[in-house]
Amino acid sequence: MCRGGRMFAPTKTWRRWHRRVNIMQKRYAICSALAASALPALVMSKGHRIEEIPELPLVVEDKVEGYKKTKEAVLLLKKLKAWNDIKKVYASQRMRAGKGKMRNRRRIQRRGPCIIYNEDNGIIRAFRNIPGITLLNVNKLNLLRLAPGGHVGRFCIWTESAFRKLDDLYGTWRKAATLKSDYNLPMHKMTNTDIGRIMRSQEIQKALRAPKKKIQRRVLKKNPLKNLRIMIKLNPYAKTMRRNTILRHAQNHKLKEEKKAKARAKLADKAPAAPKAEPAAKKAKTAKAAKPAAKAKAEA
Amino acid sequence: MHSDDVVWSMLGNRQFCSYKMTTKTQNFCRNEYNLTGLCNRSSCPLANSQYATVREEKGRCYLYMKTIERAAFPRRLWERVLLSKNYEKALEEIDENLIYWPRFIRHKCKQRFTKITQYLIRIRKLTLKRQRKLVPLRRKIERRENRREEKALIAAQLDNAIEKELLERLKQDTYGDIYNFPIHAFDKALQQQEAESESDSDAEREEDDDEDVDKREFVEAEDSELSDFEDMDKLETSSEEEQEEEEEVEKKASHSKWKGKTPLKGPARRKRPHIEIEYEEETEPSTKTKAA
């Protein structure tokens, strides 16, 4: 009917569920998330509709903490032009895909703005029924709400006292955090991150050599033993050497020729009486014979 | 300026950017202020704090600019300048507004402006021509209408109607003398005429019998009350009644002959042959009770 046996590696409740993270790392993360929430580019890239809000970071006065009615809260969001974000949440309400439907996770929707307050005088109850909104107390900021999905840049609306408290909570670089025992903001790796601007600055440009705009391409190798110019490029003295040899050859050749001419003249003088035709022919022959013989002798 | 590189290093590679659309070969940027439409370091409106675009609204082109001074105020971030309708002048305006700006942005703004003017011209040209509107067919309705058309065609019995009409005209001598009749049609017509005359006499006899049997009969409601009144008038004099009888007989006969579904119009607008020939000479018209 069905096979027997147990499953491989049965799942146990005593699996190690929790991980510890260093406190400094956790605080570093929160600082990064808060910093990112102040950059319009990052908040927009996360998908929040903040095209029309007056300012980022958006700080509202403390009266908001005393709101009791959701209607007031909605009116506030509409006046701040943050309602577009809520509309986006409404548009994104849909059914989950997958088995989560039957595991009590049926409906999903987008995250909207995050309201950060200092003291709850009714603000929680005013805002909590608006879809997408999360409420956070400044003293207990939650990274999972500030960077949902692991991506920084959630749209945050601060109340004035909450915003002022950040200084005491995390410190400025000049003074340490008062509400934490021993903490100051993490130091930058670079204070000025605009690398382009740095590179174009006078201080650096002055110290650089001129740029090489010419492109060196591969040169075809030519044989210096056959190609005189390439030889000269490698060894400039080869030019004079070659020149000297040529001149020397020319000189030697000239001397040789002179000698031969002399020898011929001598022979012609010696046998003038002999019949000119025969001796001429003979001479010619002998001369011809003699010449190569003489040359051979000379060369040897 | 300060955070551009940091922002780009996050949006370009690591973090999610909601405007980025990736395809197999290229990345696009869905941001409405993007100059080129591509997701690049130099085209990203989020990663460049000094940026400009050209956008058109209702046929007019605007130059949008953003500078780093207003980076923290999203509501007034984009400053817009209306460009003139004249193409060359608009190019000059772009140059003048973006003087000292990076070459890339100036060039791309002008390119985009050119493209926009070109498509606006095309839109205007197209609206002058007749536009074809595509209307989708509804399958169920089409099928239903076709079937009804067929049925109506059958119901009209065009052949019979045409035949009758022609015979009528023949009878009325509109055609004068015709010598080439189709034989079968002629014979059929003759037969029909004989049948008509027979059925007339039959109908009379039948109706007389019916009247003797029942004097009071219930009749359906009629369309025209006028016809009743007409009848009432006629009934008073006996001679007229006779005439009326004949008329009504004829009408009834014609009614019995009529087989089609289209209602015959005229004074005899009754659904079934009514036995109104109750109007006898001797007896007064019995109380007509209109069927409710």
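Residues numbered from 1 in each chain as written. Chains lettered and ligands numbered in written order. Predicted model: local features only at pLDDT ≥ 70, side-chain atom pairs only at ≥ 80, totals over all residues. Heavy atoms only, no water.

In the annotation of an unreviewed UniProt entry, the entry for chain B reads Protein MAK16 homolog, and the organism field reads Ficedula albicollis. As its UniProt record puts it under Sequence similarities (unreviewed entry), chain B is described as follows: "Belongs to the MAK16 family." The UniProt entry for chain B carries the following comment under Subcellular location (unreviewed entry): "Nucleus, Nucleolus". (UniProt positions renumbered as here; feature names shortened; annotations may be inferred.)

All names here are of chain B. In the predicted model, chain B carries a mean pLDDT of 79, and 69% of its residues have values of at least 70. Confidence drops under pLDDT 50 across residues 236-256; counting only partners more than four residues distant or on other chains, this segment forms 31 contacts. Here residues 288-292 is a poorly scored stretch, pLDDT under 50, and it has 11 contacts once near neighbours within four places are set aside; other chains count. The ipTM assigned to the predicted complex is 0.72, against a pTM of 0.64. (pLDDT = per-residue confidence, 0-100. Contact = heavy atoms within 4.5 Å.)

As a further point, take helix α4 (residues 83-91) of chain A. Residues and elements named next belong to chain A. Taken as a whole, α4 has its buried residues at Trp83, Asp85, Ile86 and Val89. Projection of α4 onto a plane perpendicular to its axis shows the buried side chains occupying an angular sector of 155°, all on one side. Contact partners of the buried residues in α4: α3 (70-79). (Buried < 20%, exposed > 50% of the residue type's maximum accessible area, 1.4 Å probe, protein only. Helix = DSSP H or I, 4+ residues; strand = E, 2+ residues; numbered from the N terminus. Arc of directions from axis to C-beta.)

So, about a negative patch on the surface. Taken together, the side chains of A:Glu61, A:Asp62, A:Glu119 and A:Asp120 make up a negatively charged region of the molecular surface. Relative to the helices and strands, A:Glu119 is located in the loop between β4 (114-117) and α5 (123-127). (Patch = residues over 30% accessible without salt bridge, like charges linked within 9 Å, V, L, I, M, F, W, Y side chains within 5 Å. Areas by Shrake-Rupley, 256 points an atom, 1.4 Å probe, with all protein chains shown as cover. Salt bridge = Lys/Arg side-chain N within 4 Å of Asp/Glu carboxyl O. Lys, Arg positive; Asp, Glu negative; His and termini not counted. Charge placed at Lys NZ, Arg CZ, Asp CG, Glu CD.)

This part takes up the pattern of salt bridges. All names here are of chain B. Applying the stated criterion across every chain, the model contains 11 salt bridges over all chains. A salt bridge links Arg147 to Glu150, with the nearest nitrogen and oxygen atoms 2.8 Å apart. Placement of both Arg147 and Glu150 in helix α4 (residues 139-156) is noted, with a separation of 3 residues, approximately one turn of the helix. When its relative accessible area of 43% is taken as the criterion, Arg147 is described as partly exposed.

With that settled, consider the interface of chain A and chain B. The interface is formed by 27 residues belonging to chain A together with 19 residues belonging to chain B. Counting the surface lost from both chain A and chain B, the interface buries some 1900 Å², and carbon and sulfur atoms represent 55% of this. Along the contact surface separating chain A from chain B lie 0 salt bridges. Here chain A is connected to chain B by 9 residue pairs in polar contact (both at pLDDT 80 or more). Contributing elements (two or more residues each) for the side of chain A that touches chain B: α2 (40-46) and α8 (195-199) of chain A. The element contributing the most residues to the side of chain A that touches chain B is α2(A), with 6 residues. (Buried area = accessible area lost by both parts, 1.4 Å probe. Polar contact = N/O pair within 3.5 Å; in protein donor to acceptor, adjacent residues only side chain to side chain.)

Moving on, we get to the packing of aromatic side chains. Throughout the structure, instances matching the rule amount to 6 aromatic pairs over all chains. On the basis of an interplanar angle of 75° and a centroid distance of 5.5 Å, the ring pair of A:Trp158 and A:Phe163 is categorised as edge-to-face. The buried category is assigned to A:Trp158, whose relative accessible area is 3%. Aromatic side chains B:Tyr33 and B:Trp78 sit 4.0 Å apart centroid to centroid with 5° between the ring planes, which places their arrangement in the stacked category. One end of the pair, B:Tyr33, is in the loop between β2 (27-29) and β3 (51-57); the other, B:Trp78, is in the loop between β4 (60-66) and β5 (79-82), with 45 residues separating them in the sequence. Summarising the burial analysis for this pair, B:Tyr33 and B:Trp78 share the class buried. Taken together, the ring pairs connect B:Tyr33, B:Tyr62, B:Tyr64 and B:Trp78 into an aromatic cluster. It is A:Arg27 that lies over the ring of A:Tyr183; its NZ or CZ is 5.2 Å from the centre. When the ring centre of A:Tyr170 is taken as origin, the NZ or CZ atom of A:Lys180, which lies over that ring, is 4.5 Å away. (Phe/Tyr/Trp six-rings, centres within 6.5 Å; stacked < 30°, edge-to-face > 60°. Lys NZ or Arg CZ within 6 Å of the ring centre and 35° of its normal.)

What follows covers the side chain of A:Thr193. Within the fold, A:Thr193 resides in the loop between α7 (160-170) and α8. Note on A:Thr193: relative accessible area 18%, which makes it buried. For A:Thr193, the side chain forms a polar contact with the main-chain oxygen of B:His2, separated by 2.5 Å. Leaving out residues up to four positions away in the same chain, A:Thr193 has contacts with B:His2, B:Ser3, B:Asp5 and B:Val6.

Residue and element names in this part refer to chain B. Locating Asp4 in the fold gives a position in helix α1 (residues 4-14). This buried residue, Asp4, is left without a salt bridge; Arg41 holds the nearest opposite charge, at 4.9 Å. At 3.0 Å, the side chain of Asp4 and the side chain of Ser49 are in polar contact. Once residues within four sequence positions are removed from consideration, Asp4 is found in contact with Arg41, Ala47, Asn48 and Ser49.

For the rest of this paragraph, the subject is the packing of helix α2 (residues 87-97) of chain B against helix α3 (residues 103-128) of chain B. Residues and elements named next belong to chain B. Two elements in contact, α2 and α3, have axes whose closest approach is 10 Å; the angle formed by their N-to-C orientations is 155°. Between α2 and α3, the angle falls in the class roughly antiparallel. In this structure, α2 meets α3 at a crossing whose hand is right-handed. Here α2 contributes Tyr87, Ala90, Leu91, Ile94 and Asp95 to the contact with α3, which in turn contributes Arg106, Cys109, Lys110, Phe113, Thr114 and Thr117. When its residues are assigned to classes, the contact of α2 with α3 shows 6 nonpolar, 2 polar and 3 charged. (Axes fitted to C-alpha atoms, helices over the stretch in contact; angles between N-to-C directions. Parallel < 35°, antiparallel > 145°, perpendicular 65-115°, else oblique. Left-handed = near helix turned anticlockwise from the far one by under 90°. Nonpolar A, V, L, I, M, F, W, Y, C, P; charged D, E, K, R; others polar.)

This paragraph deals with the sheet that holds β3(B). Residues and elements named next belong to chain B. If you trace the 3 strands from one edge of the open sheet to the other, you get β3-β4-β5, paired in antiparallel fashion. This sheet does not close on itself; its edge strands, each paired only once, are β3 and β5. In this sheet, adjacent strand axes meet at a mean angle of 25° when their direction is disregarded. Pairing between β3 and β4: 7 bridges, direction antiparallel. In the sheet register, Ala52 faces β4, and the bridge partner there is Met65. (Pairing = 2+ DSSP bridges.)

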